Amino acid sequence: MNPDVLVVGGGPVGLATAIAVRLEGLSATVVERRLPPVEKACGEGIMPGGVTLLKKLGVNLPAGGSFRFRGILYQEGHISTRAHFQGLPGMGMRRTTLHNALVQRAKELGVHFLWGRQLRELLPTGARLSDGMVRSRWTVAADGLNSGIRRTLGLDGPIRRQRVGLRRHYRIAPWSDLVEVSFTDGCQAYVTPVAPDQICVVVLTDNPRQGFDRLLSRFPLLAHRLQGIRQVSEEQGGASVFRGARGVVRGRVALVGDAAVSVDAITGEGVSLGLHQAVALARSLGRGGLDEYARAHAGIMGATIRMTRLMLALDRRPRLRRLALGTLQRWPGLFSNLLGIHTRELSLAQFCARLIRLDRLGRTHT
Ligand SMILES: Cc1cc2nc3c(=O)[nH]c(=O)nc-3n(C[C@H](O)[C@H](O)[C@H](O)COP(=O)(O)OP(=O)(O)OC[C@H]3O[C@@H](n4cnc5c(N)ncnc54)[C@H](O)[C@@H]3O)c2cc1C
């Protein structure tokens with residue numbers, strides 16, 4: 001079978017690309033080296049923009065196996081500040097739940113799957129897989145952080161920062177409808193509610209040799225909450241890498257998701273960004289080529305790349321971080337508006353207008 005589009009990588013972004021491609025009326029085959037459902041260390045929070053796109057793609061997210069979250073809480077020591085999303089909530093869910101939902105939708109639309117097969121070589125008219133050849137008009141590299149296709153095409157960008165995330169799940173009813181991010185020097189922990197009776201906990205660090213429990217003990221409040229609570233998954237680790245590519249299109253091949261640009265896990269945006277890219281890529285293919293996608297990609301990434309730089313800078317500058325968190329605590333409106341920019345719910349112009357309003361309000365109250 002020779003599809004219009006061969007998608008290499010059946011992670012969330014590859015699957016979403018195949019779904020979006022089918023909705024544009026093109027045929028799609030996904031080749032994934034692992035077997036479903038594909039698991040991966042992740043914080044498992046999908047931002048509101050991503051949830052909206054999943055709905056638009058017709059992906060059915062099971063209510064019982066997910067949890068809506070309404071915003072973000074940052075805390076460090078005695079500082080604690082929260083921001084709510086402007087509109088719709090985000091959604092936490094296990095990676096395997098997300099994977100199953102995407103596969104089900106892709107099957108409904110007639111996407112062809114080659115599970116347990118691997119791309120061996122890109123060819124001018126398709127690809128050589130571990131067990132045969134596939135011809136396609138276009139090939140999409142959705143093969144993740146260490147994309148072999150990106151490397152083959154000479155599109156590897158520099159790694160700006162690399163850390164490690166360690167992930168566990170605990171059987172406990174979420175105590176909050178926020179994703180809670182706790183900071184300490186050189187390390188963050190975040191908690192995402194992923195089901196009515198389950199949370200996902202990720203610890204992000206430069207020094208994973210310390211191990212999950214030792215890192216967790218650096219967040220006494222969280223460690224206390226989790227004491228004696230049953231773990232319901234194998235601990236899993238994954239690289240959290242901030243890295244770009246030298247381009248996202250080369251000839252008839254396009255990069256998408258982490259294969260194109262990966263942002264640090266602390267942004268919580270990886271999956272949502274990938275979904276935005278998947279939809280833009282499919283639209284471009286539906287119009288007959290990849291030029292439109294190449295132009296759209298930079299626009300999708302801009303705000304998150306700036307936010308990633310800021311968050312990583314704060315990770316390395318504790319005094320500045322505490323100053324920033326303290327400021328957000330004093331100005332919760334500012335935090336909500338910044339979150340709105342981060343999640344693309346607010347434009348820069350709307351943000352500035354709101355800042356002016358906040359400033360005026362502040363002056364009338366002093
Ligand atoms: C610790 C941690 C926490 C995170 N937390 C969040 C979060 O809370 N929210 C969020 O939105 N994002 C989060 N992210 C980021 C998110 O996990 C990624 O952005 C997302 O998985 C990218 O999806 P993808 O489909 O592009 O790549 P992947 O999920 O990596 O999928 C790539 C797929 O390609 C397959 N593949 C690779 N090479 C080949 C080949 N040659 N042939 C066939 N198949 C191949 C792989 O097996 C894999 O299944 C986190 C990341 C980490 C590390």
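From a predicted model like this one, the values you see are computed outputs, not experimental measurements.

Focus: the sheet that holds strand β12 (residues 138-141)
And step 1. Strand order across the open sheet formed by six strands is β8-β2-β1-β12-β19-β18, with mixed pairing between neighbours. In this open sheet, the two edge strands, each paired with only one partner strand, are β8 (112-115) and β18 (249-250).
And step 2. Pairing of strand β1 (residues 5-8) with β12, which is carried by four bridges, proceeds in the parallel orientation. In the strand pairing of β12, Val7 is matched with Val140.

What to know about the pairing of strand β10 (residues 126-129)
And step 1. Pairing analysis gives four bridges linking strand β9 (residues 119-123) to β10, with the strands arranged antiparallel. Its bridge partner being in β10, Glu121 is matched across the sheet by Arg128.
And step 2. The loop that links β9 with its antiparallel partner β10 comprises two residues.
And step 3. As paired strands, β10 and strand β11 (residues 132-135) are joined by four bridges and run antiparallel to one another. If you follow Gly126 over to β11, its bridge partner there is Arg135.

Some points on the pattern of salt bridges
And step 1. Taken as a whole, this structure holds 20 salt bridges when the rule is applied.
And step 2. For Arg94, the salt bridge identified is with Glu39, shortest N-O distance 3.6 Å. Of this pair, Arg94 sits in the loop between β7 (90-93) and α3 (95-108) while Glu39 sits in the loop between β2 (28-32) and β3 (45-46), placing them 55 residues apart in sequence.
And step 3. Taking the relative accessible area as the measure of exposure, Arg94 reaches 16% and is therefore buried.
And step 4. For Glu39, a relative accessible area of 17% translates into the label buried.
And step 5. One network of salt bridges, in which partners are shared, links Arg161, Arg163, Asp206, Asp264 and Asp315.

Focus: the sheet that holds strand β6 (residues 79-84)
And step 1. On the basis of which strands lie adjacent, the open sheet formed by seven strands has the order β6-β5-β14-β15-β16-β13-β17 and mixed pairing. Each edge of the open sheet carries a strand with a single partner, namely β6 and β17 (236-245). The mean angle between the axes of side-by-side strands here comes to 20°, regardless of whether they run parallel or antiparallel.
And step 2. Looking at chain direction, strand β13 (residues 156-171) and strand β16 (residues 198-205) are connected through eight bridges and run antiparallel. Paired with Arg171 across the bridge in β16 is Gln198.
And step 3. Strands in contact with helix α8 (residues 291-316) are β5 (71-76), β13, β14 (178-184), β15 (187-195) and β17; relative to β13, the strand with the most contacts, it is inclined by about 75°.

Quick look at the domain arrangement of the protein
And step 1. For the protein, the assigned domains are domain 1 (5-62 + 94-160 + 242-313) and domain 2 (316-365).
And step 2. Its C-alpha centre places domain 1 at a distance of 32 Å from the equivalent point of domain 2.
And step 3. Facing twelve residues of domain 1, the contacting portion of domain 2 comprises eight residues.
And step 4. For the pair domain 1 and domain 2, the summed buried surface comes to about 820 Å²; carbon and sulfur atoms form 51% of the total.
And step 5. When the buried surface of domain 1 facing domain 2 is broken down by residue, Glu269, Met307 and Ala313 rank first, second and third, together holding 45% of it.
And step 6. Here domain 1 and domain 2 share zero salt bridges between them.
And step 7. Counting across the domain 1 and domain 2 interface gives four residue pairs in polar contact (both at pLDDT 80 or more).
And step 8. Put simply, the parts of the chain that give the side of domain 1 that touches domain 2 at least two residues each are α7 (270-286) and α8.
And step 9. Here the side of domain 1 that touches domain 2 takes six residues from α8, the largest share from any one element.

Quick notes on the site of the ligand
And step 1. Taken together, 33 residues sit near the ligand, with Glu32, Gly43, Gly45, Tyr190 and Val271 positioned nearest.
And step 2. Within the backbone of Pro12, one N or O atom sits 3.5 Å away from an oxygen atom of the ligand.
And step 3. For the ligand, the protein covers 93% of the area, taking 1,000 Å² as the surface of the free molecule.
And step 4. Counting only elements with at least two residues in the shell around the ligand, the list comes to α1 (12-23), β2 and α7.
And step 5. When its residues are assigned to classes, the shell around the ligand shows 13 nonpolar, ten polar and ten charged.

Thoughts on the pairing of β5
It is a general feature of regular strands that their side chains alternate between the two faces of the sheet.
And step 1. Here β5 lies mainly inside the structure; six of its six residues are buried.
And step 2. Residues Gly71, Leu73 and Gln75 line one face of β5 and the alternating positions Ile72, Tyr74 and Glu76 line the opposite face, and both faces are buried.
And step 3. Of the pairings in the sheet, the one linking β5 to β6 comprises six bridges and is antiparallel in character. Residue pairing in the sheet places Leu73 in a bridge with Arg82 of β6.
And step 4. As defined by bridge partners, β5 adjoins β14 across five bridges and the pair is classed as parallel. Note that in β14 the partner of Gln75 across the bridge is Ser182.

Definitions and limits used
Residues numbered from 1 in each chain as written. Predicted model: local features only at pLDDT ≥ 70, side-chain atom pairs only at ≥ 80, totals over all residues. Heavy atoms only, no water. Pairing = 2+ DSSP bridges. Helix = DSSP H or I, 4+ residues; strand = E, 2+ residues; numbered from the N terminus. Salt bridge = Lys/Arg side-chain N within 4 Å of Asp/Glu carboxyl O. Buried < 20%, exposed > 50% of the residue type's maximum accessible area, 1.4 Å probe, protein only. Axes fitted to C-alpha atoms, helices over the stretch in contact; angles between N-to-C directions. Contact = heavy atoms within 4.5 Å. Domains from an automatic or database assignment. Buried area = accessible area lost by both parts, 1.4 Å probe. Polar contact = N/O pair within 3.5 Å; in protein donor to acceptor, adjacent residues only side chain to side chain. Near = heavy atom within 4 Å. Areas by Shrake-Rupley, 256 points an atom, 1.4 Å probe, with all protein chains shown as cover. Nonpolar A, V, L, I, M, F, W, Y, C, P; charged D, E, K, R; others polar.

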